[in-house]
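Coordinate analysis (summary)
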Amino acid sequence: MCGILCIFRGQQCNKHDATNGCEEKHLDCRSLREIAFQASSKQRHRGPDHTGVLIDEEEQFALVQERLSVIGVKTGNQPFTSTDGTVHLAANGEIYNFRQMASAIGENRDAGYEPRSDCDVLGAYYERFGPEALLTTVRGMFAFVLYDRKVERLLVARDPVGIIPLYVGWDAGGALWFASEMKCLVEHCREVQVFPPGHFFYGRPEEYNPKRYYNPSWIKEIPSNPVDLQELRDRLEAAVESHLQCEVPMGALLSGGLDSSLIAAITARKLHDRSAKRLKTYSIGLPGASTDHHYARLVANHIGSDHTEIHFTVAEGLDYIRDAVYHSETYDVTTIRCIVPVMLLARYIRSEGLKMVLSGEGADELFGGYLYFHRAPTATEFHHETVRRVQGLHLSDCLRANKGCAAWGLELRVPFLDTDFIQHVMSIRPEDRAPGEGRLEKYILRQAFADGDYLPAEVLWRQKEQFSDGVGYSWIDTVSQWATGRVSDEEFSQAATRFPFATPSTKEAFYYRKLFEERFGGASAARTVQRWIPRTDWGCAEDPSGRKQDVHRGVKDRDEGSK
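In what follows, the accompanying structure is described. Everything numeric in this text was worked out from a predicted model, so none of it was measured. (Residues numbered from 1 in each chain as written. Predicted model: local features only at pLDDT ≥ 70, side-chain atom pairs only at ≥ 80, totals over all residues. Heavy atoms only, no water.)

So, the packing of helix α9 (residues 321–328) against helix α22 (residues 507–520)
Two numbers describe how α9 lies on α22: the axes approach to 9 Å, and their chain directions differ by 60°. On the basis of their axis angle, the class for α9 and α22 is oblique. Both α9 and α22 take part in a crossing whose hand is right-handed. Every residue of α22 that contacts α9 at Ile-321, Arg-322, Asp-323, Val-325 and Tyr-326 is listed here: Tyr-511, Tyr-512, Leu-515, Phe-516, Glu-518, Arg-519 and Phe-520. Counted by class, the contact of α9 with α22 contains eight nonpolar, no polar and four charged residues. (Axes fitted to C-alpha atoms, helices over the stretch in contact; angles between N-to-C directions. Helix = DSSP H or I, 4+ residues; strand = E, 2+ residues; numbered from the N terminus. Parallel < 35°, antiparallel > 145°, perpendicular 65-115°, else oblique. Left-handed = near helix turned anticlockwise from the far one by under 90°. Contact = heavy atoms within 4.5 Å. Nonpolar A, V, L, I, M, F, W, Y, C, P; charged D, E, K, R; others polar.)

What follows is the structure, given as structure tokens:
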């Protein structure tokens, strides 16, 4: 997981005075290198291994990359420049089909081609085949900025669902900025936006207007393909296989829920087949109170992983609330509740020398796994809601997982969100994907792995438990009370006046919004946030905790569920 920051020229300053300086601080009034390096320092946690800076003062552009070296450890420092010096690239992410792309590039070169890292193929493939071919071919999680000096064009793109963050902003002089984290931009830019997932921009900086390149039919159409359980299993195993390329120590997060347990089980098998190595797995929770620890232990014993339980106290978690808002760059209630244990978990894992972990994010969106999906009135509405959730992942689970781990220089990979796996699952008819009478959520995913001894039945048929609940029920209960107690009745009565956009409906939400405003300022930054709440129009409780849904069975009911 890396961080990128890129700046492209603005208008020349006509207010600059050599004696008094310039209040606007346009790019031509200070060293571009100084500005870029200092701005990017706010996301240096994303890439603690190396900072690469490429500056062109004459053309007024800057590319900076904060690197976490995972593939091409000795050769992959960025920004990359083409052999003829005309194409420059700053990229963040992992390209899972880079070997296949490199082969295609090499077949069209007299001297062949050996990529400096997985991301190096982005520039080389662009040079050989052009932007459209690049975006239809590449598979991975990515956000990148490429500048082609020959045609004076930018190519900016983000992966289909936004696993990797990317923001765009404009400063007072009209310069166009891009960064992996918003905190790099708010001091300099008057307006900040989220660069949308599945989109690209190709053109001159002043022509910025991103367009969609990822437009699968299931976004607008109701799929009719029946589920094939064997193919579903094969597809997930292939996705995990593609995500295992790594040159540094790695592991897997294991909450004991269905999703992370399946990823860990498949990974453990593949590592053993490759090298007889044991997978390192990690879970986190409150001591003596975490339901997740119980199930994670069962899975770890079943798959033979080298498992570690991390414990934290509620008081320790509360210490991180301000950091949680800062690193997540959101005021969404469920994200703040969830990212605290993620950050604590990531810090411990990084201290053990690991740089990459796999996790189970994305399955709930694809398969309708949240408990409120039981209330979907029709299969059609179920499908539309899964589409909405998939399209919102970049502002919820992907944001929380990516930034929570990147806060400590840890890369997180999510095989459920492999582009080809998404296409397969979202093309299955909603009647098969939806929960129903006597059917648990994610029923077909459970069925697909019922044979083959992947997981203990107690875990395979465990009801959905949201992460912030599974660490221990007292975590959410206490953090909600704690945040509420920091907002007075008088202060909360002014919520609509103070925050007219996305007005907080609870004191807990108000408190997070206050912290966000302190860090990131006003309306422009606030509009980059989306609040995660269940479908209240389906009769669901507004609070995002799964325990608020009437189908939640609670701790005491640990039967195997409906098979």
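Some points on the pairing of strand β7 (residues 153–158)
The buried count for β7 comes to five of six residues, which makes it a mostly enclosed element. With six bridges connecting them, strand β6 (residues 140–148) and β7 associate as antiparallel partners. Within the sheet, the bridge partner assigned to Val-145 lies in β7 and is Val-156. If you look at the hairpin formed by β6 and β7, you'll find four residues sitting between the two strands, and Glu-152 has a positive phi there, around 55°. Examined bridge by bridge, β7 and strand β11 (residues 199–203) share four bridges and lie antiparallel to one another. Its bridge partner lying in β11, Leu-154 is registered against Gly-203. (Buried < 20%, exposed > 50% of the residue type's maximum accessible area, 1.4 Å probe, protein only. Pairing = 2+ DSSP bridges.)

Observations regarding the environment of Ser-474
Considering the arrangement of structural elements, one finds Ser-474 in helix α19 (residues 473–484). Placed 184 residues apart in sequence, Ser-474 and Ser-290 show a C-alpha to C-alpha distance of 9.3 Å. Once residues within four sequence positions are removed from consideration, Ser-474 is found in contact with Leu-286 and Val-314.

Looking at unusual backbone geometry
Put simply, Gln-78 and Pro-79 share a cis peptide bond, and its omega is 0°. Positionally, Pro-79 belongs in the loop between β3 (61–67) and β4 (80–81). At Asp-453, a residue that is not glycine, the phi angle is positive and equals roughly 60°.

Let's talk about empty space enclosed by the protein
Counted under the stated rule, the structure contains eight cavities of 30 Å³ or more. By volume, the largest cavity amounts to about 590 Å³. Together, 40 residues line the largest cavity, and Ser-255, Glu-361, Arg-400, Lys-464 and Phe-467 are the ones closest to its centre. For the lining of the largest cavity, the elements supplying multiple residues, two or more each, are α6 (258–275), β14 (280–285), α10 (333–351), α11 (363–367), α13 (397–406) and α18 (467–470). Sort the elements by how many residues they give to the lining of the largest cavity and α10 lands first, with five residues. (1 Å grid on protein atoms, 1.4 Å probe; cavity = no way out; pocket = protein on both sides within 12 Å on 5 of 7 lines; lining within 4 Å. Points joined across faces, edges and corners; volume = space filled by probe spheres on them.)

Description of the sheet that holds strand β17 (residues 411–413)
Across the sheet, five strands lie side by side as β15-β14-β13-β16-β17; this open sheet has parallel pairing. Two strands close off the open sheet at either side, each with one partner strand: β15 (306–311) and β17. Neighbour-to-neighbour, the strand axes of this sheet turn through a mean angle of 30°, independent of strand direction. Note that strand β16 (residues 356–358) and β17 share three bridges and pair parallel. Bridge assignment links Met-356 to a residue of β17, and that residue is Glu-411. Seen against the sheet, α10 touches β13 (250–253), β14, β15 and β16 and runs at an angle of roughly 140° to β14.

Quick look at the nonpolar core
For soluble globular proteins, the rule of thumb is that nonpolar side chains tend to be buried together. One finds Phe-144, Phe-178, Ile-321, Phe-367 and Trp-475 to be the most contacted residues of the largest nonpolar core, which totals 178 residues. Here this core gets 11 residues from one element, more than from any other, and that element is α10. One finds Tyr-372, Phe-373, Ala-376 and Trp-538 within the second-largest nonpolar core, a separate group that totals nine residues. (Core = buried A, V, L, I, M, F, W, Y, C linked by side-chain atoms within 4.5 Å.)

Section: the packing of helix α5 (residues 229–242) against α6
In the contact formed by α5 and α6, the axes pass within 10 Å of each other and the chain directions differ by 60°. One way to sum up the angle between α5 and α6 is to call them oblique. Between α5 and α6 lies a crossing whose hand is right-handed. Judged by residue contacts, Leu-236, Glu-237, Val-240 and Glu-241 of α5 engage Ile-263, Ile-266, Thr-267, Lys-270 and Arg-274 from α6. Along the lines of polarity and charge, the residues of the contact of α5 with α6 split into four nonpolar, one polar and four charged.

Details of the pairing of β13
Side chains Met-250 and Ala-252 project from β13 onto one buried face, and the interleaved Gly-251 and Leu-253 project onto a second face that is buried too. With three bridges joining them, β13 and β16 adopt parallel strand pairing. From the neighbouring strand, Met-250 faces β16, where its bridge partner is Met-356. Summarising the sheet, β13 and β14 pair through two bridges and their orientation is parallel. Its bridge partner lying in β14, Leu-253 is registered against Tyr-282. Regarding the hand of the β-α-β motif, the stretch spanning β13, α6 and β14 is right-handed. (Right-handed = clockwise from strand over helix to strand, strands pointing away.)

Comments concerning helix α12 (residues 379–391)
Spanning 13 residues, α12 covers 18 Å between terminal C-alpha atoms, matching the ideal 18 Å at 1.5 Å per step. Check the buried side of α12 and you find it contacts α11, α14 (419–426) and α15 (430–433). (Expected span 1.5 Å × (residues − 1).)

Here we look at the side chain of Gln-43
Mapped onto the fold, Gln-43 is located in the loop between α1 (32–40) and β2 (50–56). When its relative accessible area of 0% is taken as the criterion, Gln-43 is described as buried. Polar side-chain contacts of Gln-43 include one of 3.4 Å to the backbone nitrogen of Ser-180. Beyond its immediate sequence surroundings of up to four residues, Gln-43 is in contact with Gly-3, Ile-4, Leu-5, Glu-66, Ala-179, Ser-180, Glu-181 and Cys-184. (Polar contact = N/O pair within 3.5 Å; in protein donor to acceptor, adjacent residues only side chain to side chain.)

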